[in-house]
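Secondary and tertiary structure notes
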Amino acid sequence: MANGQANGQWYPPEWPDRIRALAAGTLTPVTPKRAATVMLLRDTGTTGSGSGPAVHMLRRRTSMAFAGGAYAYPGGGVDPRDDDRAIGWAGPTRAWWADRLGVDEAGAQAIVCAAVRETYEEAGVLLAGPTGDSVVGDTTGDDWEADRAALVDRELSFAEFLDRRGLVLRSDLLGAWARWITPEFESRRYDTWFFVAALPEGQRTRNASTEADRTVWITPADATAGYDRGELLMMPPTVATLRGLAACGTAAEALAASSGRDMTPVLARARLSGDEVVLSWPGHDEFTKHVPSTSTASAPTPSDPTGGASA
């Protein structure tokens, strides 16, 4: 059992007090930071229960202030330089991505760039190639690692990295899947776009993130079953995206299905109802929580909204 729940839903104990403070007008919501996360998929070649493509997931260190111990995907916040127009680009145009993601063209490039960059930083997988129809192979050499570390430390922008390597970002290898915004009462908030992508041939994942203590390849069906049993801790966006992926038999099917996915943002709602706090996510009834209103404590001071990683 995780956090007192029958399943593995991540639910911080301070949420009820923060929800009450928001309702009372004593808590001012922080502005969410744009972020991107990628569900890397690879085909397992199996059939039957738990079949379909496996997804790469990492477990956040329990010491992390945001969602410690929860399973998630590689991802993180947008870097201010991710909208650099000098970036090498292949696939759908920025205008196409802007329409798909519901932002302007600069924002679209930044979000797509963040998705590709963070996947490389945290999983060692690079969705880029020398040309618009090729992908790099092995990226595990010392020189690659030095560049990856420079990206993590923000000593190198992603545009500079691609230019140095003579590469273009392969935006066509991504499929937009969902968009979730962290609840208004949270101290760390993200406006996160979820993408799907197939693991490129010749590349392999590894735990390159300092925020994770382990990584796994697991089918969406097995992951959600572990969540339902309370064995795997996850946030609602992670569970919801996994349930959607479970209907796809292959990575190619998931990419094809992404074009029809609704990208309307999902934002949790909180209200006071009698002697309890009701927390819900529109369109996702399974996450609704009824919390007894047993305290009138004020909300804790919000911490840095740009810290941590996306959901």
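Everything that follows concerns the structure shown earlier in this document.
The text that follows walks through the structure, step by step, so that each part is easy to find. Note that the structure is predicted; figures quoted are calculated from it, not measured. One numbering rule holds for all chains: residues counted from 1, following each sequence as written. Residue-level local features of this predicted model are given only where pLDDT is at least 70; pairs of side-chain atoms are given and counted only at 80 or more, and the full residue set underlies all totals for whole chains, interfaces and linings. Excluded from the side-chain calculation are hydrogens and water; included are all heavy atoms of the structure.

**Thoughts on the side chain of Q109**
- Within the secondary structure, Q109 sits in helix α3 (residues 105–123).
- Relative accessibility decides the category of a residue: with a 1.4 Å probe and only protein chains considered, values under 20% of the type maximum give buried, values over 50% give exposed, and everything between is partly exposed. Judged by relative accessible area, which is 1%, Q109 ranks as buried.
- Note on contacts: a residue pair qualifies if any of its non-hydrogen atoms lie within 4.5 Å across the two residues. If near-sequence neighbours (up to four positions away) are discounted, Q109 is found in contact with D82, D83, D84, R85, I87, W89 and R94. Helix and strand labels come from DSSP, where a helix needs a run of H or I of at least four residues and a strand needs a run of E of at least two; each type is numbered from the N terminus.

**Some words on a negative patch on the surface**
- Nonpolar side chains (Val, Leu, Ile, Met, Phe, Trp, Tyr) are joined into patches within 5 Å and like charges within 9 Å, using only residues with over 30% relative accessible area and no salt bridge. Computed by Shrake-Rupley with a 1.4 Å probe, the accessible areas treat only the displayed protein chains as cover when residues are assessed. Salt bridges are defined by distance alone: a side-chain nitrogen of Lys or Arg within 4 Å of a carboxyl oxygen of Asp or Glu. In this tally Asp and Glu are treated as negative and Lys and Arg as positive; neither His nor the chain ends contributes. Note on charges: their place is set at NZ of Lys, CZ of Arg, CG of Asp or CD of Glu. Side chains of D83, D84, D104, E105, E160 and D163 sit close together on the surface and give a patch of like negative charge.
- Its location among the elements puts E105 in helix α3.
- Using a relative accessible area of 36% as the deciding quantity, one classes E105 as partly exposed.

**Topic: the pairing of strand β13 (residues 276–281)**
- Sheet topology places strand β12 (residues 269–273) next to β13; 5 bridges connect them, and they run antiparallel. Bridge assignment links L272 to a residue of β13, and that residue is V277.
- When DSSP locates at least two bridges between a pair of strands, those strands are taken to pair. What sits between β12 and β13 in their antiparallel hairpin is a turn of 2 residues, with G274 showing a positive phi close to 65°.
- Pairing of β13 with strand β14 (residues 284–292) involves 5 bridges; the strand directions are antiparallel. Looking at β14, one finds that V278 is bridged to H290.

**As for the sheet that holds strand β5 (residues 89–90)**
- Pairing within the open sheet is mixed, and its 3 strands lie in the order β5-β7-β6. Lying at the two open borders of the sheet, with one neighbouring strand each, are β5 and β6 (128–129).
- Sheet topology note: the β5/strand β7 (residues 168–170) ladder contains 2 bridges and is parallel. Along β7, the bridge assignment pairs W89 with L169.

**So, the sheet that holds β14**
- Taken in spatial order, the 3 strands line up as β12-β13-β14 in an open sheet, and their pairing is antiparallel. In the strand order of this sheet, the two ends are held by β12 and β14, each with one partner. Sheet twist, expressed as the mean angle between neighbouring strand axes with direction ignored, is 20°.
- With respect to the sheet, helix α7 (residues 236–245) is in contact with β13 and β14, its orientation differing from that of β14 by roughly 155°. Axis definition: a line fitted to C-alpha atoms, over the contacting stretch in the case of helices. Angles run 0 to 180 degrees between N-to-C directions.

**A word on the packing of helix α6 (residues 220–228) against α7**
- Closest axis-to-axis distance for the α6/α7 pair is 8 Å, and the angle between their directions is 140°. Between α6 and α7, the angle falls in the class oblique. Relative to α7, the crossing made by α6 is left-handed. Side by side, α6 and α7 meet where P220, A223, T224, Y227 and D228 of the first sit next to V239, L242, R243 and L245 of the second.
- Residue composition of the contact of α6 with α7, grouped by class: 6 nonpolar, 1 polar and 2 charged. Any angle from 65 to 115 degrees is called roughly perpendicular, while one under 35 is roughly parallel, one over 145 is roughly antiparallel, and all others are oblique. The crossing is said to be left-handed when, going from far helix to near helix, the turn is anticlockwise and less than a right angle, and right-handed when the turn is clockwise. Classes in brief: Ala, Val, Leu, Ile, Met, Phe, Trp, Tyr, Cys and Pro nonpolar; Asp, Glu, Lys and Arg charged; the others, Gly included, polar.

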